[in-house]
Amino acid sequence: MRYQSQSVAYWYFAVAMVLFGLQLVFGLLSATKYIGPDPLLYILPFDVTKVIHTNLLIVWVLTGFMGATYWMIPEESRAELHSTKLAYVQLVLWTLMGVTAIIGYLFRYGTGNKLLEQPLPHKIVIVICMLIFLYNIGMTIRKAGRFTTTEAVLMIGFVSAALLYLPALLHYENYTVSIFYRWWTIHLWVEGVWMMIMGGFLAYLLIRLSGADREVMEKWLYVIVGLVFLAGILGTAHHYYWVGVPTYWLPIGGVFSALE
Ligand code: HEM
Ligand SMILES: [Fe+2]
């Protein structure tokens with residue numbers, strides 16, 4: 001560890017691992033409904049356990065992403081984090097949000113929108129945490145005055161991830177419309193901007209661990225960003241097949257998903 005403030009990453013990973021463990025528990029609980037007999041069937045029914053399973057996944061992955069970023073940015077920008085305290089405040093808020101959401105799901109308190117089940121107060125806390133995070137990272141880079149391509153790709157990923165969450169804050173009466181926009185958030189997250197976030201981390205790791213040439217890595221990052229924009233965005237159409245859009249989405253979705 002080259003910078004003291006990188007140590008916040010440890011707690012982000014610790015929380016991520018606990019939530020990951022819980023995800024597995026709720027995955028196993030969901031699976032027992034299939035292979036039963038399940039004594040918990042009427043206490044923890046499938047809809048409840050599955051919602052918790054998939055939502056924990058989103059929360060732990062994002063916790064890991066944020067922790068890894070707090071680790072990577074000081075090394076890339078060669079400076080301590082802008083505020084370690086803010087990073088911990090964010091983690092506490094984030095964890096409270098995740099835990100209370102699970103408790104809520106146990107009592108079926110949620111929007112029923114698959115993977116985006118978080119109730120509005122939780123969604124607002126998610127947005128606040130994301131803003132704290134972007135501010136902290138942005139200030140660190142600004143103060144350091146060193147902004148690498150690896151960081152740029154990572155930041156484009158995070159800013160886009162935050163922007164894509166905005167449609168999830170709206171409520172649509174029409175189920176088809178609701179499902180349509182839901183895919184903008186879900187697909188463009190997992191097959192679009194998360195790729196950029198992971199691309200940023202991988203480039204950093206390859207430079208650090210295998211001594212790969214930074215210039216070469218950066219060139220490949222541009223290729224990844226280009227592919228994400230082309231294939232990731234149009235590839236979203238592989239979710240449109242069953243939501244009542246015109247048939248031309250079928251070939252578009254097929255071809256660009258294959259490219260992805
Ligand atoms: C012990 C390990 C796991 C078990 C037993 C398990 C079990 C399950 C079960 C039973 C379902 C519900 C399937 C259905 O709706 O019919 C499910 C859904 C899901 N699981 Fe897991 N799971 C495990 C680990 C994971 C991991 C590690 C991830 C990802 C990091 C994951 C991601 C998902 C997702 C995204 C869904 C929703 C799929 C959909 O509704 O289309 N699971 N899992
Ligand atoms: Fe997809």
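Each residue is numbered by its place in its chain's sequence as written, counting from 1. Key to labels: chains lettered from A, ligands numbered from 1, both in the order written. Thresholds applied to this predicted model are a pLDDT of at least 70 for local features of residues and 80 or more for the giving and counting of side-chain atom pairs; totals over whole chains, interfaces and linings are not thresholded and use all residues. Calculated side-chain values reflect all of the structure's heavy atoms, with hydrogen atoms and water omitted.

On to the UniProt feature "transmembrane region" (unreviewed entry) in the protein. UniProt positions are given in the numbering used here, feature names are shortened, and annotations may be inferred rather than shown by experiment. UniProt's feature table lists "transmembrane region" (unreviewed entry) at residues 9-31, 51-73, 85-108, 120-141, 153-172, 184-207 and 219-241, given in the numbering used throughout. Secondary structure elements follow DSSP: runs of H or I no shorter than four residues count as helices, runs of E no shorter than two count as strands, and numbering proceeds from the N terminus. Between the C-alpha atoms that bound residues 9-31 the distance is 32 Å, and the span itself is 100% helix and 0% strand. Secondary structure across residues 219-241 comprises 74% helix and 0% strand; the distance between its end C-alpha atoms is 35 Å.

Before going further, it helps to spend a moment on the coordination of the iron atom of ligand 1. Counted as coordinating are nitrogen, oxygen and sulfur atoms within 2.8 Å of the metal, or 3.2 Å for Na, K and Ca, while water is not included, which may make sites look incomplete. Coordination of the iron atom of ligand 1 by the protein comes from a single atom, His53 (NE2), at 2.0 Å. Looking at where His53 falls in the secondary structure, it is placed in helix H2 (residues 46-77).

Turning next to a nonpolar patch on the surface. Taken together, the side chains of Val216, Trp220, Val223, Leu227, Leu230 and Leu259 make up a nonpolar region of the molecular surface, amounting to roughly 550 Å² of accessible area. It is helix H7 (residues 214-235) that contributes the most residues to the nonpolar patch, five residues altogether. Relative to the helices and strands, Leu227 is located in helix H7. Exposure above 30% relative accessible area and the lack of any salt bridge qualify a residue for a patch; like charges then connect within 9 Å, and the nonpolar side chains Val, Leu, Ile, Met, Phe, Trp and Tyr within 5 Å. Residue-level accessible areas treat just the shown protein chains as cover; the underlying method is Shrake-Rupley with a 1.4 Å probe. Here, a salt bridge means any side-chain nitrogen of Lys or Arg that lies within 4 Å of a carboxyl oxygen of Asp or Glu.

Moving on, we come to the side chain of His187. Relative to the elements of secondary structure, His187 occurs in helix H6 (residues 175-210). Relative accessible area decides the class of each residue, using a 1.4 Å probe on protein chains only: under 20% of the type maximum gives buried, over 50% gives exposed, and in between gives partly exposed. Among the residues examined, His187 registers a relative accessible area of 0% and is labelled buried. Looking at His187, its side chain comes within polar contact range of the side chain of His238, at 3.3 Å. A distance of 3.2 Å separates the side chain of His187 from the side chain of His239, its partner in a polar contact. Look past the residues within four positions of His187 in its chain and what remains in contact with it is Gly192, Gly232, Gly235, Thr236, His238, His239 and Glu260. Here a polar contact means two N or O atoms within 3.5 Å. Within protein one must be a hydrogen donor candidate and the other an acceptor candidate, and residues neighboring in sequence count only if both atoms are side-chain atoms. Whether two residues touch is decided by their heavy atoms; if any such pair falls within 4.5 Å, the residues are in contact.

The subject of this paragraph is unusual backbone geometry. For the peptide bond that leads from Gly36 to Pro37, omega is 10°, which places it in the cis range. Structurally, the position occupied by Pro37 is in the loop between helix H1 (8-35) and H2. Located in the positive-phi region is Arg78, a residue other than glycine, with phi close to 55°. Positive phi, close to 60°, is recorded for Arg108, a residue that is not glycine. Relative to the elements of secondary structure, Arg108 occurs in the loop between helix H3 (84-106) and helix H4 (120-144).

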